[in-house]
Amino acid sequence: MVNTKRFARKIVFNLNTFSRSFSSVIDDTKSLPFPEKIGSRWELESSFFLTIVGYWGQSIIRFGNSLKIHNQERLLKYLEKGGRPEGCSLLTVCNHASMLDDPALMSSLVRGKDLRTSRTMRWVLGAKEIMFTNPFFTFVCSRGKVIPTVRGDGIYQPAVTYSIQRMNAGDWVHIFPEGIVTLEPVRLKWGVGRMLAECNHVPIILPFWHCGMEDVLPCAEPYIPRFGKKVTVLIGEPIEMKSVIEECQKDQLCEEKTRIKLTNVIQEKMYALQEETERLHAERIS
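It should be emphasised that the depicted structure is a prediction, and the values quoted were computed from it without experimental measurement.

Reading guide: rules and limits
- Residues numbered from 1 in each chain as written.
- Predicted model: local features only at pLDDT ≥ 70, side-chain atom pairs only at ≥ 80, totals over all residues.
- Heavy atoms only, no water.
- Pairing = 2+ DSSP bridges.
- Helix = DSSP H or I, 4+ residues; strand = E, 2+ residues; numbered from the N terminus.
- Axes fitted to C-alpha atoms, helices over the stretch in contact; angles between N-to-C directions.
- Buried < 20%, exposed > 50% of the residue type's maximum accessible area, 1.4 Å probe, protein only.
- Parallel < 35°, antiparallel > 145°, perpendicular 65-115°, else oblique.
- Left-handed = near helix turned anticlockwise from the far one by under 90°.
- Contact = heavy atoms within 4.5 Å.
- Nonpolar A, V, L, I, M, F, W, Y, C, P; charged D, E, K, R; others polar.

A short note on the sheet that holds strand S1 (residues 66-70)
Stage number 1. With mixed pairing, the seven strands of this open sheet are ordered in space as S1-S7-S6-S2-S5-S3-S4. Single-partner strands in this sheet number two, and they are S1 and strand S4 (146-149). Each neighbouring strand pair of the sheet contributes to a mean axis angle of 25 degrees, computed without reference to strand direction.
Stage number 2. The sheet contact formed by strand S3 (residues 123-127) and S4 spans four bridges and is parallel. Residue pairing for S4: leucine 125 is matched across the bridge by isoleucine 147.

Now the structure itself:
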């Protein structure tokens, strides 16, 4: 006798698998300002702009202000040659408090040798309507490894698909999963859940939280960096996601429920760092 419930779940699982594959096909990543194959010339141009913009960002955060990074070694060890298993990507997630979170803060988390090496540095999803407004900005931002993201276009837009491709290639990808600059906790966007669900391996996932960037560049006019402020960063432990993904597969969760579950784990672990970071930051400014 056919187990109707099990049969129905299998049909739903297969339909969702087909839907995911079909969506990946129709996503037009060729519309993005990146070559189909990253060559040496592109990497040279990228290294140049990452270095220039990165040192500019460091001058603001490290020298114009005071930066304290807790557990920085947790990030740096994964940027070393051989620091990750071959083909394994690094996914970092954090809160988004200021328009200078990237490039200024992100550049300040790494070493000079990392900034000067395009292959080592992160890819990051950035707002297309802000950063890709003319050919010059498009050239600079694309060489800075910023992936143009259109707010409101959903999780199946080319930017998310391209991020998955970079993760599949073993690269470092950073995302601000809140999706907006905000000082209040918000529900994380499901794009990060799709990235984890569709990556061909389980990446190393490193969350961190920061305080003080809202003082360096507040979200209010005039949009000019301030100096003499303090910035505190707390890098957390890597998030164990393999068992969660295996559980989703075992339970044959549909695509939507899988994204929700994976996003919820990221949200819980990332926001868990907020209280401790705020405490450490308060000690510095008291």
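What to know about unusual backbone geometry
Stage number 1. Here the residue pair aspartate 102 and proline 103 is connected by a cis peptide bond, since its omega of 20 degrees sits within 30 degrees of zero.
Stage number 2. Here proline 103 lies in helix H4 (residues 101-108).
Stage number 3. Each neighbour pair has its own omega, and for glutamate 221 with proline 222 the value is 0 degrees, a cis peptide bond.
Stage number 4. Within the secondary structure layout, proline 222 lies in the loop between helix H10 (213-216) and strand S7 (230-235).
Stage number 5. Unlike most non-glycine residues, lysine 145 shows phi in positive territory, near 65 degrees.
Stage number 6. A positive phi angle, near 50 degrees, is found at glutamine 252, a position not held by glycine.
Stage number 7. Overall, glutamine 252 belongs to the partly exposed group, its relative accessible area being 30%.

Points about the packing of helix H8 (residues 158-168) against helix H9 (residues 191-198)
Stage number 1. It is the contact of H8 with H9, at a shortest axis distance of 9 Å, that shows an interaxial angle of 40 degrees. By the criterion of interaxial angle, the relationship of H8 to H9 is oblique. Read as a crossing pair, H8 and H9 show a hand that is right-handed. Residues Val160, Thr161, Ser163, Ile164, Met167 and Asn168 of H8 form the contact with H9, whose own contacting residues are Gly191, Arg194, Met195 and Glu198.
Stage number 2. Class assignment for the residues of the contact of H8 with H9 results in four nonpolar, four polar and two charged.

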